[in-house]
Amino acid sequence: MKCSLPWFLGPLLAMGGCASPAPPLPDTPVLIFGEQHDQPDHQRQVAQAVKRLAADGRLAALVIEMAERGRSTAGMPRDADAASVRGALAWSGWEWPVYEGVVMSAVRAGVPVLGGNLPRSKLRETMADASRETLVEAPVREKLAKAVRVGHCGLLPAAQEPGMVRVQIARDQAMAETVAGALQPGRQVLLLTGAQHASRDRGVPLHLALSHGAPRVHVVVFGEQEFGLAADELRPARRTPRPDPCEGLAERLRKPAKPS
């Protein structure tokens, strides 16, 4: 593994690799971490932040993209086992070992974990709902469309792109609503989500500003700046090499469909 650092931190940390004291956590009502699901150091650092905030009595709730809106661990005992926690969150489609440290750190501290994502049952309806596009300005829609194209390695049929953009907007809306509903005076809500959803100019912070009174937000994105994301802080993280996801996607698309 190697360190992936913002250019301005590289010279300062070159002598010590990625081993450096954990940065201070801003005292804002909303703290958003934009991560990559296949980079373990991202989740490790977020778990550390959850523990620090909870120990200081500052953490009102942990909101996660990895569970659907409406799912929650509220009321569960601190010693609940992982299987019970997964059941409460209806965990599905995300690798549990990747996020177990983050989620269970909150549970052990008595902090509720709230699902923030758009429910899967609403995906088809959302993809067909053109009114979603009116919720953001044209430049924002274009940034989202570009992210969808890049995220699908340029292999997504053009006819499917508008629906995927609508889903992206709806997911950001759902997470913003969940965060806003968890706010408490003098405490913080931490949101863990993908880096695109975290970006100030197109993701959850934008919807918090548009529809939820614009609470003060601090956005952390790990590693190097990519895709023009708008963050308040680029935080160094250890980079774990991964296979090229586009190769895997192209291979799956080349395979003939199995007869039904």
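Just so you know, these numbers come straight off a predicted model, no measurement behind them. The residue count restarts for each chain, going from 1 along the sequence in the order it is written. Confidence filtering applies because this is a predicted model: local features only for residues at pLDDT of at least 70, side-chain atom pairs given and counted only at 80 or more, and all residues used for totals across whole chains, interfaces and linings. Here the side-chain values reflect all heavy atoms present in the structure, with hydrogen atoms and water set aside.

1. Points about the pairing of strand E2 (residues 30-35)
Inference 1: When you tally the buried positions in E2, you get 6 out of 6 residues, the bulk of the element.
Inference 2: Alignment of E2 against strand E5 (residues 188-194), held across 6 bridges, turns out to be parallel. Of the residues in E5, the one forming a bridge with Phe33 is Leu192.
Inference 3: Pairs of strands are assigned from DSSP output, requiring at least two bridges between the strands. Segments assigned H or I by DSSP are reported as helices when at least four residues long, segments assigned E as strands when at least two residues long, and all are numbered from the N terminus. The sheet contact formed by E2 and strand E6 (residues 217-222) spans 5 bridges and is parallel. For Phe33, the partnering residue across the bridge sits in E6 and is Val220. Partly exposed describes any residue whose relative accessible area lies between the buried limit of under 20% and the exposed limit of over 50%, with all areas from a 1.4 Å probe on protein chains only and scaled to the type maximum.

2. Re the packing of helix H2 (residues 40-55) against helix H4 (residues 96-108)
Inference 1: Packing of H2 against H4 leaves a shortest axis separation of 8 Å and a crossing angle of 5°. The orientation of H2 relative to H4 falls into the category roughly parallel. Between H2, through Gln43, Val46, Ala47, Val50 and Lys51, and H4, the contact on the second element is made entirely by Val98, Tyr99, Gly101, Val102, Ser105 and Ala106.
Inference 2: Considering only residue class, the contact of H2 with H4 consists of 7 nonpolar, 3 polar and 1 charged. Fitting a line to C-alpha atoms yields each axis, with helices limited to the stretch in contact; the angle taken between N-to-C directions then spans 0 to 180 degrees. For classification, angles of less than 35 degrees are called roughly parallel, those exceeding 145 degrees roughly antiparallel, those between 65 and 115 degrees roughly perpendicular, and all remaining angles oblique. Only heavy atoms matter for contacts: two residues are in contact if any of them lie within 4.5 Å across the pair. Under the scheme applied here, ten amino acids are nonpolar (Ala, Val, Leu, Ile, Met, Phe, Trp, Tyr, Cys and Pro), four are charged (Asp, Glu, Lys and Arg), and all others, including Gly, are polar.

3. Remarks on the confidence of the model for the protein chain
Inference 1: Averaged over every residue, the pLDDT of the protein chain is 89; the share at 70 or more is 86%.
Inference 2: Scored from 0 to 100, pLDDT reflects the predictor's confidence in each residue. Low confidence marks residues 1-17, where pLDDT is under 50. Its contacts with residues over four positions away, or in another chain, come to 30 contacts.

4. Some words on helix H6 (residues 138-151)
Inference 1: Helix span, as expected, comes to 1.5 Å for every residue beyond the first. Its 14 residues give H6 an end-to-end C-alpha distance of 20 Å, which sits within 8% of 20 Å, the value for a rise of 1.5 Å per residue.
Inference 2: Here H6 has its buried residues at Val140, Leu144, Ala145, Ala147 and Val148. Buried residues along H6 cover an arc of 160° about the axis, so they all sit on one side. Across H6 from its buried face, at more than 90 degrees, point the exposed residues Pro139 and Lys146. Regarding the arc, it is the one traced by the directions from the helix axis to the C-beta atoms.

5. Some points on the packing of aromatic side chains
Note on aromatic pairs: each is described by the distance of the centres and the angle between the planes.
Inference 1: The aromatic pairing rule takes the rings of Phe, Tyr and Trp, using the six-membered ring of Trp, and pairs them if the centres are within 6.5 Å, calling planes under 30 degrees apart stacked, those over 60 edge-to-face and the rest tilted. Taken as a whole, this structure holds 4 aromatic pairs when the rule is applied.
Inference 2: For the ring pair Trp91 and Tyr99, a centre distance of 6.2 Å and an interplane angle of 50° mean the geometry is tilted. Residues Trp91 and Tyr99 agree in their burial class; the two are buried.
Inference 3: Three or more aromatic residues joined by ring pairs make a cluster, and in this case those are Trp91, Trp94, Trp96 and Tyr99.

6. Describing the nonpolar core
Inference 1: Formed by 33 residues in total, the largest nonpolar core has its most connected members in Phe33, Ile64, Val103 and Leu190.
Inference 2: When contributions to this core are tallied by element, the ones reaching two or more residues are E2, H2, strand E3 (59-68), helix H3 (82-89), H4, E5 and E6.
Inference 3: At 7 residues, the largest contribution of residues to this core is made by H4.
Inference 4: In this structure, Leu114, Ala182, Val217 and Val221 belong to the second largest nonpolar core, which totals 21 residues. Each nonpolar core is a collection of buried residues, namely Ala, Val, Leu, Ile, Met, Phe, Trp, Tyr and Cys, held together in the definition by side-chain atoms within 4.5 Å.

7. A word on H3
Inference 1: When H3 is considered as a whole, its buried residues turn out to be Ala82, Val85 and Leu89. Angularly, the buried residues of H3 cover 60° about the axis, an arc narrow enough to put them on a single face.
Inference 2: On its buried side, H3 packs onto E3, H4 and strand E4 (113-117).
Inference 3: Positive backbone phi, approximately 50°, marks Ala90, located one or two places after H3.

8. Some words on unusual backbone geometry
Inference 1: Residues other than glycine seldom take positive phi values, yet Ala90 does so here, at roughly 50°.
Inference 2: Note that Ala90 resides in the loop between H3 and H4.
Inference 3: Here the phi dihedral of Ala214 falls at roughly 50°; this positive angle occurs in a residue that is not glycine.
Inference 4: For Ala214, the location among the structural elements is in the loop between helix H9 (204-211) and E6.

9. A closer look at the side chain of Ser105
Inference 1: The residue Ser105 is located in helix H4 in this model.
Inference 2: A residue is classified by how much of its surface remains accessible, and Ser105, at 12% relative accessible area, is buried.
Inference 3: Ignoring anything within four residues of it in the chain, the contact list for Ser105 reads Ala47, Val50, Lys51 and Glu100.

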